[in-house]
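Notes for the structure review
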Number of protein chains: 2
Amino acid sequence: MLNIMSKDIKFRSIGYVETDSNEDLIKVDKEKVVSKVILFEEFTEALDGVEDFSHLFIIFHLHKVVSRRSALKIHPRRRLDLPLVGVFATKSPYRPNPIGLTLVELIEIKGNIVKVKGLDAIDGTPVIDIKPYFPPDAALKVRAPKWLTKLRKINYL
Amino acid sequence: MLNIMSKDIKFRSIGYVETDSNEDLIKVDKEKVVSKVILFEEFTEALDGVEDFSHLFIIFHLHKVVSRRSALKIHPRRRLDLPLVGVFATKSPYRPNPIGLTLVELIEIKGNIVKVKGLDAIDGTPVIDIKPYFPPDAALKVRAPKWLTKLRKINYL
C-alpha cells in the first residue's frame, strides 16, 4: 500500500474569493456575508446553467492555514468547555488537508463573477471547485453530538 | 493577479476507499452501496467523536479521471436529451479539478475504518478529507433546473 500512502494530489485554483471579510471570520455571522467568487476567465463557460440552482457548494483552499498533521484533536472553536474531539468530527481549518467546504446561497452570476451569500472564506482564498446543490444533498433523520447544540446557540457554526 | 492564477494546490491522501464497486458506478444505485474508508493509521485519532454524527461529507480525488480543462460544457450523464450545461452546474467527474464530494450515511467506525453507505467512489479512490454533516448543511427552499428532475426519475443522481 506504500504507493497509495504517499500519494500527492495536485489541483489548480479555478478562481478566488473577493470579500470584505478579514481573518476574523470566526466572529462574524457568516450567514449574512456576501462574497464574490471570481473565476479565471477561461472557466466562464463552465458556469452556464449554474444560475438555475439556488444553492452551491464552494470548495476552497484554506491557504492561510498551516497544515497541522500532528494536532489531530481539538476543542471546537477553541472552547475548552466543549469536548476534545478529532478534527474529522469538526469543521476546524486545522486539519490534515486545509480544504474548506461551504454550502452557499447563489445571489447572481455575471460573466465570470458568482455572487454568493454565506461563504466563510477570507479575501483572496483560492477556489478549487463549484458544485451544484441537488435536493437529495440534504440528509434526513440527522444525528449530531451535543456539543454542536452549544455552538449553534451562539451562532457559531 | 498572475500569482493567484497560477496557484498550484497540493494535498495528500489521508486514506482510501475499499469497495466492491468497479468503474461502472454510473449504473449502480449508489444509495445502497456500502464502502469502507480506510484511513492511514496516523490519522485514526482524528476520528474521535465522528461516531456521534449520522452523516458525513467525504471529499475524494477522482484519480482515474483525466482532468479536462478544455471540455467545460457537457450533457449531464452524457444524455443528449438533457441540455448542454457548464460542468459547474453538474457533478460530472470531468471538471477542471477532479474532486469528488459525497454526502454519506455513517454505519460504523472501527479503529481506522469508517464504514459508510452511499459513497460513489470506486475501489482505491484516495480520500482527501472527512467532514461532519451539521444540520444547517441542508438548504431550504431549494431551486434546481428541470433537467435534474429527469435524472431523478431514473435514480441517476
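To be clear, the structure that these remarks concern was listed above.
Now for a look at the structure at hand. All chains use their own residue numbering, which begins from 1 and follows the written sequence. As they are written, the chains are lettered A onward and the ligands numbered 1 onward, keeping that order. The predicted nature of this model means local features are confined to residues of pLDDT at least 70 and side-chain atom pairs, given and counted, to a pLDDT of 80 or more, with totals for whole chains, interfaces and linings taken over all residues.

1. What to know about the overall build of chain A
Looking only at helices and strands, one finds 2 helices and 9 strands in chain A. A total of 157 residues make up chain A; the buried ones form 38% of that total. Once C-beta atoms have been placed from the backbone, residue pairs whose C-beta atoms lie within 7 Å are recorded as contacts. Within chain A, counting contacts between residues at least 6 apart in sequence, those at least 24 apart form 71% of the total. For helices the rule is a DSSP run of H or I covering at least 4 residues; for strands it is a run of E covering at least 2, with both sets numbered from the N terminus onward. Burial is judged by counting other C-beta atoms within 10 Å of a residue's own C-beta: 20 or more means buried, 12 or fewer means exposed, and anything between counts as partly exposed, with every C-beta placed from the backbone.

2. A word on the sheet that holds strand β3 (residues 34-39) of chain A
Residues and elements named next belong to chain A. Two strands are said to pair when DSSP picks up at least two bridges between them. Taken together, the 6 strands give a closed barrel; going around it, the order is β2-β3-β8-β7-β4-β9, and neighbouring strands pair in antiparallel fashion. Across the sheet, the mean angle separating the axes of adjacent strands is 45° when strand polarity is ignored. As paired elements, strand β2 (residues 15-18) and β3 share 4 bridges and run antiparallel to each other. Paired with Gly 15 across the two strands is Leu 39, which belongs to β3. Orientation is described by axes fitted as lines to C-alpha atoms, over the contacting stretch for helices, and by angles from 0 to 180 degrees between their N-to-C directions.

3. Brief notes about the environment of Ile 99 of chain B
One can find Ile 99 of chain B in strand β7 (residues 99-110). Measuring from C-alpha to C-alpha, the distance between Ile 99 of chain B and Lys 64 of chain B comes to 11 Å, with 35 residues separating the pair along the chain. Ignoring sequence-local partners within four residues, the contact set of Ile 99 of chain B consists of Phe 11, Ile 59, Ile 128 and Asp 129 of chain A together with Ile 59, His 61 and Leu 62 of chain B.

4. Details of the sheet that holds strand β2 (residues 15-18) of chain B
Neighbouring strands of a sheet are bound in pairs by backbone hydrogen bonds; such pairs are parallel or else antiparallel. All names here are of chain B. The strand order β2-β3-β8-β7-β4-β9 describes a closed barrel built from 6 strands, whose pairing is antiparallel. Between one strand axis and the next, the sheet turns through 45° on average, direction left out of account. Pairing analysis gives 5 bridges linking β7 to strand β8 (residues 113-117), with the strands arranged antiparallel. Counterpart to Glu 108 in the pairing with β8 is Lys 115.

5. With respect to the relation of the copies chain B and chain A
Only residues with pLDDT of at least 70 in both copies count here: their C-alpha atoms drive the least-squares fit that superposes the copies. Taken as rigid bodies, chain B and chain A are interconverted by a rotation of 180° and an axial shift of 0.0 Å, the fit giving an RMSD of 0.0 Å. Both chain copies can therefore be described as sitting about a two-fold axis. Looking at the interface residues of chain B, 100% of them are also at the interface in chain A, so both copies use one shared face.

6. Quick look at unusual backbone geometry
Despite not being glycine, Arg 78 of chain A shows a phi value in the positive range, around 60°. As for its position among the elements, Arg 78 of chain A is in the loop between β5 (73-74) and β6 (85-86). The phi angle at Arg 77 of chain B is positive, at roughly 55°, despite the residue not being glycine.

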